[in-house]
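# Structure assessment
What follows is each chain in one-letter form.
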Amino acid sequence: MPLSAIQRRTLRAFLRAIAVVEPLQREFAASQGISLGDLYAIRVLARLGEVPVSRYGAELGLARSTITNVVDRLERAALVARVASPGDRRVTLVRLTETGREAMEARARFAESDVARRLLALDEADQVALAEILERILATRPEPDGAMPSDTAGEPEPEPEPAVAAEPEVAR
């Protein structure tokens, strides 16, 4: 199905915006010796704080074996550490290291970049509109076949239920 002029303009503008921001993300990830996916994982852990590895994996939507590999990589980069839970020795917790916290602080310097200055130069109404549009895009997940869900397209996903007691994670 051919795209309308508005659809082409929207996609072209979005791709140009990504082309401006992606090099900043790649440069930061490379400076830490990690991939863009690992950078996302670090941001999630910075938000969560110290948590069981199983909860961290659930937040990232990863299987147990996959989150183990992610934590292994981030641990080798000295960005995270595994620690035994003081309340249950069967549970392994993961947390940012000092190096990981410093990396997140360095990432916060994005606000000083040319891209951030251009975004923050928009008037407040445009900043709100842009934030709302981007949040809607990010909250809508495609179906496995790549199609957007017809009944929820454009609606934010509900907040996840608070975790009750996580299953104990066996320490290594």
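Scroll up a little and you will see the structure.
The next subject is the overall build of the protein. In terms of helices and strands, the protein carries 7 helices and 3 strands. Shown N-terminal to C-terminal, the secondary structure of the protein runs as helices and strands in the order α-α-β-α-α-β-β-α-α-α. Residue burial in the protein is summarised as follows: out of 172 residues, 24% are buried. Sequence separation of 24 or more characterises 45% of the internal contacts of the protein that already satisfy a separation of 6 or more. A total of about 12,200 Å² of accessible surface is found on the protein, and carbon and sulfur atoms cover 56% of it.

The next subject is the side chain of T140. The residue T140 is located in the segment after α7 (124–139) in this model. Residue T140 is classed as buried on the basis of its relative accessible area of 10%. At a separation of 3.0 Å, a polar atom in the side chain of T140 contacts the main-chain carbonyl oxygen of R136.

What follows concerns helix α2 (residues 36–48). Its 13 residues place the ends of α2 19 Å apart at the C-alpha level, agreeing with the 18 Å of an ideal helix rising 1.5 Å per residue. If you check which residues of α2 are buried, you get D38, L39, A41, I42, V44, L45 and L48. N-cap assignment for α2: the residue whose side-chain oxygen lies 3.4 Å from the backbone N of G37 is S35. Once α2 finishes, G49 follows within two positions and takes phi at roughly 80 degrees, a positive value.

Core analysis: the largest hydrophobic core is formed by 23 residues, its most contacted members being I42, Y56, L74, V80 and V94. Where this core is concerned, the elements lending two or more residues are α1 (5–32), α2, α3 (53–60), α4 (64–76), β3 (92–96) and α5 (98–107). Ranked by residues supplied to this core, first place goes to α2 with 6 residues. Beyond its immediate stretch of four places on either side in the chain, Y56 contacts A41, I42, V44, L45, L48, V51, I67, V71, L74 and V94.

Take unusual backbone geometry next. Although it is not a glycine, A78 sits at a positive phi angle of roughly 65 degrees. Following the sequence through the fold, A78 ends up in the loop between α4 and β2 (80–84).

A contiguous patch of positive charge on the surface is contributed by R8, R9, R12 and R16. Overall, the relative accessible area of 62% leaves R9 in the exposed class.

As a further point, take the side chain of T97. Looking at the secondary structure, you find T97 in the loop between β3 and α5. T97 gets classed as buried once you look at its relative accessible area, which sits at 18%. Only 2.5 Å separates the side chain of T97 from the backbone oxygen of A78, close enough to count as a polar contact. Ignoring sequence-local partners within four residues, the contact set of T97 consists of A78, L79, V80 and A81.

Definitions and cut-offs
Residues numbered from 1 in each chain as written. Predicted model: local features only at pLDDT ≥ 70, side-chain atom pairs only at ≥ 80, totals over all residues. Heavy atoms only, no water. Helix = DSSP H or I, 4+ residues; strand = E, 2+ residues; numbered from the N terminus. Buried < 20%, exposed > 50% of the residue type's maximum accessible area, 1.4 Å probe, protein only. Contact = heavy atoms within 4.5 Å. Areas by Shrake-Rupley, 256 points an atom, 1.4 Å probe, with all protein chains shown as cover. Polar contact = N/O pair within 3.5 Å; in protein donor to acceptor, adjacent residues only side chain to side chain. Expected span 1.5 Å × (residues − 1). Core = buried A, V, L, I, M, F, W, Y, C linked by side-chain atoms within 4.5 Å. Patch = residues over 30% accessible without salt bridge, like charges linked within 9 Å, V, L, I, M, F, W, Y side chains within 5 Å. Salt bridge = Lys/Arg side-chain N within 4 Å of Asp/Glu carboxyl O. Lys, Arg positive; Asp, Glu negative; His and termini not counted. Charge placed at Lys NZ, Arg CZ, Asp CG, Glu CD.

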